[in-house]
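Observations on chain architecture
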Amino acid sequence: MNPPGTTTPAPAPADSALPDEMLPVLGSTGSTPQLLALLVSHQHARRLLTLRALLEAVMDAPAGVLPAGTADRVLRDWRLLEAADRADSAATRQVVQYPHTGAWAERCLRALTRPGQAHRAVEELPHLAGLAVAAAARAGLRFTVDVPLRDGELRLPTLGGHRPALLPAAGSPAPGTPAPRIRVIGEPRRLWLVPLPPDPDPGHGPARAVGQDLNTPGPLPGSVEVRLGADGIWRSAAPGWRPLQALRHPDGRAVLIDDVDPYRDEERRTNPYGLDIADRLDLGGHAAWRTAWRDARPWLRLGGPTRAAEVGALLDCVVPLAGAPGAQCSATRGEAFGALLSSTPRDGLELAATLVHELQHAKLLAVSQLAVLHTADDAPGYFAPWRPDPRPFDGLFQGAYAHLALADFHLRAAKALIDPARRDAAWADHCRCREQVGAALPQLLGARALTRQGRALANAMAAHHTRLKEHAPPDGHLARATAYVETARVIWRRRRAQMTTNGREPA
């Protein structure tokens, strides 16, 4: 059985190695259409292989590992995905290749392949029903599927979420208690959502309410109608439905603002900065994102089309973070290629810098899955001026690459800005990032763990850093940036010494 999103078996990508001729442009933190296409196609192939491995792990699970009926339910949902793929492979791909689908699949696969963790997979596998419904809806199929609620809410990836009014506002059922369900009846461009009681025997097909034909579309008691709008957003008049809104590229392609998907966090309710993911973005929050997105476009085009092209190729959704007054925080996730976690940007320039920063992480993560760049382990022993804690070699490499791109971006912004205060701030950001990379590069270039291609990439980064140093900043900026990095070095040395004294030698 083939993964949805492809009608043929999904072998390892033909271009499984990174061509050497792409390393110089990568080292300058740039890209080409060919490079971006290679990275995206390889990530998509990995996703299909992960989904296939997950299905096989469920089907091959020894007796007693998964509850009775689990494999049958997974197979039913999988077959709906396949039907959607046959009807409209492009629409199905929007769901199968959605960033959080990858996070879900890898989480389930880890649970199924690690001893004693199968119970976690049992909790996660019902999400496949929501994925199948979303793909079938996008493909315009007619179907009927019962989907278990998660924390009292129906989650349909890439479409939206619904919290039935007659169910508890929050919380999961007690262990061993069947979850409430919603029957989703699909028609072209429309869904009917019909609340159902918990299924006492979930292995024996969909339940029916007495005296009702729930497979007949129409306004049934408690049902909710959701329609696909001309703008691609699935809307409903019901107060419990919240659609996923979208940011738009100039050509109309969507980047979803995802405040619904249950796999948008990192297996906990906070991101690396301790900020909660936003449970529901209000109208003001959506407006702020749209304004910043529109205003970021000119900044992304500074110096050429590369940055805007990277956003177009590498970004599928943004995950809003709550809070962060007066500070911009952001993150990317390796298992959710195409997703950006970010606090609400204050303006277009700030969002443009965030996109440049985080998409370099996404780009280098994808590159590292095409080519082995180093053989270092995960021991945290390196000085990274942007972090107070010792970092592993890969973290140093990642951070240096992203900050090199930021140094380049802030230089271009400083030369383009007219307002003196904003121009001064851009020069300060450029000098800080430039000096931070300057402190990191000797550690990279001196590492024996670099492979041939890893060394070529690091050398190209050093060459680009040298080119950036040809631009003299206004007086005072470089001195302040140097002092900033040296202060960070002192803090790092103290923390490292403390770790060693406490018996936690970092390297």
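The following paragraphs examine the structure supplied in this document. (Residues numbered from 1 in each chain as written. Predicted model: local features only at pLDDT ≥ 70, side-chain atom pairs only at ≥ 80, totals over all residues. Heavy atoms only, no water.)

**Some thoughts on the sheet that holds strand S11 (residues 317-321)**
We apply this condition: Two strands pair under a simple rule: DSSP has to find at least two bridges between them. Helix and strand assignments follow DSSP, with helices taken as H or I runs no shorter than four residues and strands as E runs no shorter than two, numbered in order from the N terminus. Contacts are residue-level and defined by heavy atoms, with any inter-residue pair within 4.5 Å sufficient. Under this scheme, a helix contributes an axis fitted over its contacting stretch, all axes are lines through C-alpha atoms, and angles between N-to-C directions fall in the 0 to 180 degree range.
The five strands lie next to each other as S9-S10-S11-S13-S12, forming an open sheet whose pairing is mixed. In this open sheet, the two strands that pair with only one neighbour each are strand S9 (245-248) and strand S12 (330-331). Along the sheet face, helix H10 (residues 348-368) touches S12 and strand S13 (339-343) and points at about 140 degrees away from the line of S13.

**A closer look at H10**
For the record, the criterion: By definition here, a helix of n residues has an expected span of 1.5 Å times n minus one. Each residue is assigned to one of three classes by its accessible area relative to the maximum for its type, calculated with a 1.4 Å probe on protein chains only: buried under 20%, partly exposed between the two thresholds, exposed over 50%.
Under the 1.5 Å per step criterion, the end-to-end length of H10 is 30 Å for 21 residues, consistent within 8% with the ideal 30 Å. Across the 21 residues of H10, 19 count as buried, placing the element largely inside the fold.

**Focus: the packing of helix H8 (residues 283-300) against H10**
Packed helices, taken two at a time, are described by the angle between their axes plus the distance between the axes. Worth spelling out the cut-off: Roughly parallel means an angle under 35 degrees; roughly antiparallel means over 145; roughly perpendicular covers 65 to 115; every other angle is labelled oblique. Three categories are distinguished: nonpolar for Ala, Val, Leu, Ile, Met, Phe, Trp, Tyr, Cys and Pro, charged for Asp, Glu, Lys and Arg, and polar for the others, with Gly belonging to the last.
One can describe the packing of H8 onto H10 by two numbers: an axis separation of 7 Å at closest approach and a directional angle of 70 degrees. With respect to H10, the element H8 is oriented roughly perpendicular. For the pair H8 and H10, the contacting residues are Trp 289, Ala 292, Trp 293, Asp 295, Ala 296, Trp 299 and Leu 300 in the first and Gly 348, Leu 349, Leu 351, Ala 352, Leu 355 and Val 356 in the second. Split by residue class, the contact of H8 with H10 holds eleven nonpolar, one polar and one charged.

**Quick look at unusual backbone geometry**
Phi at Thr 29 is positive, roughly 65 degrees, even though this residue is not glycine. With respect to the helices and strands, the residue Thr 29 is situated in the loop between helix H1 (23-27) and helix H2 (33-59). Judged by relative accessible area, which is 0%, Thr 29 ranks as buried. For Asp 151, which is not a glycine, the phi torsion comes out positive at approximately 55 degrees. A relative accessible area of 33% places Asp 151 in the partly exposed class.

Function-wise, these values are silent; they only describe arrangement.
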